[in-house]
Amino acid sequence: MKTAVEELSPTRVKLTVEVPFEELETSMQAAYKKVAQQVRVPGFRPGKVPARIIEQRFGRAVVLEETLNDALPKLYGQAVDESDVFPVSQPEIEVTKIDDGKEVEFTAEVDVRPAFDVPAYEGIEVTVPSAEVSDEDIDTQIDALRQRFATLTGVDRPAANGDYVVMDLSATIDGKNIEEQQASDVSYEVGAGSVLEGLDDALVGMAAGDEKTFTTTLVGGENAGEEAEVSINVKSVKEKVLPELDDEFAGLASEFDTLEELRTSIREQARRNKLVDQVVQARENALEALLDKIDIPLPDSALKAELDARKHNLEHQIGESGLSREAFFRLYQTTEEERFAEFDENSRKALKSGFVLDKIVKQEDLGVNEQELTNFVVRRAMQMGVAPNTLAQHLADNDQLTLAMVEIVRDKAKTVIGDAAKVTDDAGNEVDLKAIYTELNEAEADSDEAAQPAE
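Residues numbered from 1 in each chain as written. Predicted model: local features only at pLDDT ≥ 70, side-chain atom pairs only at ≥ 80, totals over all residues. Heavy atoms only, no water.

1. Quick word on the overall build of the protein
No. 1: Scanning the protein for helices and strands turns up 14 helices and 12 strands.
No. 2: The globule rule puts the C-alpha radius of gyration for 455 residues at 23 Å, and the 32 Å found for the protein is more than 25% above it.
No. 3: Taking the principal axes of the C-alpha coordinates as reference, the protein spans close to 95 × 70 × 55 Å.
No. 4: Expressed as a percentage of the 455 residues in the protein, the buried residues total 33%.
No. 5: Put simply, 68% of the contacts in the protein that link residues at least 6 apart link residues at least 24 apart.
No. 6: Total accessible area computed for the protein in this model is approximately 27,100 Å², and 46% of it derives from carbon and sulfur atoms. (Helix = DSSP H or I, 4+ residues; strand = E, 2+ residues; numbered from the N terminus. Rg over C-alpha atoms; globule rule 2.2 N^0.38 Å. Buried < 20%, exposed > 50% of the residue type's maximum accessible area, 1.4 Å probe, protein only. Contact = heavy atoms within 4.5 Å. Areas by Shrake-Rupley, 256 points an atom, 1.4 Å probe, with all protein chains shown as cover.)

The structure is reproduced here in structure tokens:
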């Protein structure tokens, strides 16, 4: 088999492939068997019709067509491997010549990863956040913990932002009740930002027993987008009461006996979290700096596929939310145009990053072993809240193990870039990533040792 490559553009090539007829022998025998199963010839059982009878009754063209249907995908894949191109789309294949018994020729036009060189990344300068833990950091986390253990206490006063109300809601359009917009005993935090525009403003100043009506645009159901009169009947007002910050609270909220022990533990965990964040930011920022040094043309088909996937996911989110499009974007404080512009920017960055990381994977000869794949599946299963075996089976059944391995080696490539960078924090201090790895590993070992039962 001979393959010639013609560059149609920096992101598209045309492969012209010449195949001697003898290389089609296996596919041709398979074609005869398949056609023999499909045709009915008096005197022969299905599947037992001889090749010469098939050609006499139905023509050799039928067999050749079936032969090429079987052979072309394999031959195309072989041509790609031999030509050292990296397709990023489905090929457009055309058979251009059939010299029966001698040769077949076909062409395949396909979008490919463009050719480019990766600049040196040793010593790229990047900045990451400081790992210094302040008292304010500790106070923030302590406050979040207090919020989790807060209680709601009824108050005899008008509602303010941060209070909780229990209320009945109803809506009418032109005086007609909208059944699906009726709700009783709804608990809601005033000021939380309801998609029902005007609700928070209406609730502020209302006390138990108060009723109020305001005009708004409905955001869900059959009448989404229509203007309605919404009536509120407040049944109760409650304020959030935080627990006292003392040793009793520490015992309630943690395994520690004193508040000081709790603060020490939070400080240590905050330190580890900030170190992890430094590592992540070093890798991301080093990749970002490297991408800024390279100009790579992006294949139109790959960019369109990336954009379409993001838009499809957005449509799914909107549908699942039960909200109108306008209400959905208002909830996330953005517009459809802004979200699409963000999709375009992120799609271009994702494609470019993938191309660069794949190149580094090849340069550094990075691979994936069985333990790394197992660890990946376990971590991802924990994030998704499913059993690791269930996720592993799903990946295998849907041919997604290869995608998982691509993600793993790309993360390795990102680590290579980050480790090669010159990293400082935003206070100007040098950051030693290897020292961070050591500290984190020691902390993990200490944690595992502490978790072991005493003998």
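2. Looking at the packing of helix α7 (residues 259-292) against helix α10 (residues 336-363)
No. 1: Direction vectors running N to C along α7 and α10 enclose 95°, while the axes themselves pass 11 Å from each other. Taken as axis vectors, α7 and α10 run roughly perpendicular relative to one another. Touching Leu-287, Glu-288, Leu-290 and Leu-291 of α7 are Lys-349, Lys-352, Ser-353, Val-356, Leu-357 and Ile-360, all from α10.
No. 2: Of the residues belonging to the contact of α7 with α10, the class tally is six nonpolar, one polar and three charged. (Axes fitted to C-alpha atoms, helices over the stretch in contact; angles between N-to-C directions. Parallel < 35°, antiparallel > 145°, perpendicular 65-115°, else oblique. Nonpolar A, V, L, I, M, F, W, Y, C, P; charged D, E, K, R; others polar.)

3. Topic: the pattern of salt bridges
No. 1: Applying the stated rule across the entire model yields 26 salt bridges.
No. 2: Two residues, Lys-362 and Asp-84, come together in a salt bridge whose shortest N-O distance is 3.7 Å. Of this pair, Lys-362 sits in helix α10 while Asp-84 sits in the loop between α3 (60-83) and β3 (92-99), and the two are 278 residues apart along the sequence. The exposure classification of Lys-362 matches that of Asp-84, with both residues exposed.
No. 3: Linked by salt bridges that have partners in common, Arg-12, Glu-92, Glu-109 and Asp-111 make up one network. (Salt bridge = Lys/Arg side-chain N within 4 Å of Asp/Glu carboxyl O.)

4. Observations concerning helix α13 (residues 401-420)
No. 1: Its 20 residues give α13 an end-to-end C-alpha distance of 29 Å, which sits within 8% of 28 Å, the value for a rise of 1.5 Å per residue.
No. 2: Every buried residue of α13 is listed here: Ala-404, Ile-408, Val-409, Ala-413, Lys-414, Ile-417, Gly-418 and Ala-420. (Expected span 1.5 Å × (residues − 1).)

5. Topic: the UniProt feature "domain: PPIase FKBP-type" (unreviewed entry) in the protein
No. 1: According to UniProt, the "domain: PPIase FKBP-type" (unreviewed entry) feature falls on residues 162-215.
No. 2: A distance of 23 Å separates the end C-alpha atoms of residues 162-215, which is 9% helix and 44% strand. (UniProt positions renumbered as here; feature names shortened; annotations may be inferred.)

6. Here's the deal with the sheet that holds strand β4 (residues 103-111)
No. 1: Strand order in the open sheet formed by four strands is β1-β2-β4-β3, with antiparallel pairing between adjacent strands. The sheet is open, and its two edges are formed by β1 (2-9) and β3, each paired on a single side. On average, each strand axis in the sheet is tilted by 15° relative to the strand beside it, whichever way the strands run. (Pairing = 2+ DSSP bridges.)

7. Looking at the packing of aromatic side chains
No. 1: Going through the model one piece at a time under the given rule, you end up with four aromatic pairs.
No. 2: A centroid spacing of 6.3 Å and a plane angle of 90° characterise the contact between Phe-149 and Phe-249, whose relative ring orientation is edge-to-face. Note that Phe-149 is positioned in the loop between α4 (135-148) and β6 (151-154) and Phe-249 in helix α6 (residues 247-253), a separation of 100 residues in sequence.
No. 3: Across from the ring centre of Phe-340, 4.8 Å away, lies the NZ or CZ of Lys-311, which sits over that ring.
No. 4: Looking at Lys-359, its charged tip hangs above the ring of Phe-116, at a distance of 4.8 Å from the centre. (Phe/Tyr/Trp six-rings, centres within 6.5 Å; stacked < 30°, edge-to-face > 60°. Lys NZ or Arg CZ within 6 Å of the ring centre and 35° of its normal.)

8. Some thoughts on the pairing of strand β7 (residues 164-173)
No. 1: With eight of its 10 residues buried, β7 lies for the most part within the structure.
No. 2: Pairing between β7 and strand β8 (residues 176-177): two bridges, direction antiparallel. The partner of Thr-172 across the bridge, within β8, is Asn-177.
No. 3: Linking two consecutive strands that pair antiparallel, namely β7 and β8, is a turn of two residues; a positive phi of about 55° is found at Asp-174 within it.

9. Comments concerning the packing of α10 against α13
No. 1: Axis separation between α10 and α13 bottoms out at 9 Å; the angle between their running directions is 80°. Here α13 runs roughly perpendicular to α10, going by the angle between their axes. Facing α10, whose interface residues are Gly-354, Leu-357, Asp-358, Ile-360 and Val-361, α13 presents Val-409, Arg-410, Ala-413, Lys-414 and Ile-417.
No. 2: Across the contact of α10 with α13, the residue classes break down as six nonpolar, one polar and three charged.

10. What to know about unusual backbone geometry
What you tend to see is this: most non-glycine residues have negative phi, and most peptide bonds are trans.
No. 1: For Asp-174, which is not glycine, the phi torsion reads 55° and is therefore positive.
No. 2: Notably, Asp-399 is not glycine yet its phi reads approximately 55°, a positive angle.
No. 3: Note on placement: Asp-399 falls in the loop between α12 (388-397) and α13.

11. Overview of the nonpolar core
No. 1: Core analysis: the biggest nonpolar cluster contains 44 residues, and Tyr-121, Leu-290, Val-356, Ile-360, Ile-417 and Val-423 have the highest contact counts within it.
No. 2: Where this core is concerned, the elements lending two or more residues are β5 (125-128), α7, α8 (300-321), α9 (325-331), α10, α13 and α14 (433-451).
No. 3: The contact partners of Val-423, leaving out residues within four places of it in the chain, are Val-126, Val-128, Ala-282, Gly-418, Asn-429, Glu-430, Val-431 and Leu-433.
No. 4: With 23 residues, the next largest nonpolar core counts Val-63, Leu-68, Tyr-76 and Val-85 among its residues. (Core = buried A, V, L, I, M, F, W, Y, C linked by side-chain atoms within 4.5 Å.)

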